[in-house]
Amino acid sequence: MRIGALIVTVLTLACYLSFRSQVHPRTADMPPVETCEPKGSSTPTSTRVDFATQIKPIFEAKCQPCHFNGGTMYKRLPFDRPETIKTLGTKLFTRIKDENQRALIRNFLSQQ
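On a predicted model such as this, the values are computed, not experimentally measured, just so you know.

## A few points about helix 2 (residues 51-63)
Then step 1. For helix 2, spanning 13 residues, the distance from its first C-alpha to its last is only 15 Å, which falls clearly below the expected 18 Å at 1.5 Å a residue.
Then step 2. Remark: the principal bend of helix 2, roughly 25°, maps to Pro57.
Then step 3. Turning to helix 2, its buried residues are Phe51, Ile55, Ile58, Phe59 and Cys63.
Then step 4. On its buried face, helix 2 is in contact with helix 3 (82-88) and helix 4 (99-110).

## Some words on the packing of aromatic side chains
Then step 1. On inspection of all chains with the given rule, the structure shows two aromatic pairs.
Then step 2. Judged by centre distance (5.7 Å) and plane angle (35°), the rings of Phe51 and Phe108 are tilted. On the criterion of sequence distance, the pair formed by Phe51 in helix 2 and Phe108 in helix 4 is long-range, its members being 57 residues apart. An identical accessibility class is assigned to Phe51 and Phe108; each is buried.

Conventions used here
- Numbers given to residues run from 1 along each chain, matching the order in which its sequence is written.
- Reporting of local features is limited, given that this is a predicted model, to residues whose pLDDT is at least 70; pairs of side-chain atoms are given and counted only at 80 or more, and all residues count toward the totals for whole chains, interfaces and linings.
- Only hydrogens and water are set aside; all other atoms, that is, all heavy atoms of the structure, feed into the side-chain values.
- A run of H or I in DSSP counts as a helix once it spans at least four residues, and a run of E counts as a strand once it spans at least two, with each numbered from the N terminus.
- Expected helix span is given by 1.5 Å per residue-to-residue step, counting one fewer step than there are residues.
- Note that the bend at a residue is defined as the angle between axes fitted to the seven residues ending at it and the seven residues starting at it.
- Exposure categories follow from relative accessible area, calculated using a 1.4 Å probe and restricted to protein chains: below 20% of the type maximum is buried, above 50% is exposed, and the middle band is partly exposed.
- Only heavy atoms matter for contacts: two residues are in contact if any of them lie within 4.5 Å across the pair.
- Note on aromatic pairs: the rings of Phe, Tyr and Trp (six-membered ring only in Trp) are paired at centre separations within 6.5 Å, and the planes decide the class, stacked below 30 degrees, edge-to-face beyond 60, tilted for the rest.

Don't take any of this as a statement about function, it's just geometry.
Next comes the structure, spelled out in structure tokens:
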């Protein structure tokens, strides 16, 4: 009984390794992870990110009405001001789940 289980395990492992080598034959030729940009990155790091046209609409869609004029949190954390966004930094990512939007906000935070 043990020999049968051993044979099945060896065959399963051999099939897995064979399949894996067919699916990923050139993993050694891939660039390092640090140099890769996320797919669909809308803003390269060399261009300047504008708060009013690129960042503010993201927060208006996610954090309205509380953090905008008339909201309950507006006095403490007004999200219509770039200073507030820079102060909070990546803590804002609790509500922003889209990786493209996060990358855009990171680019904005890295400016200046």
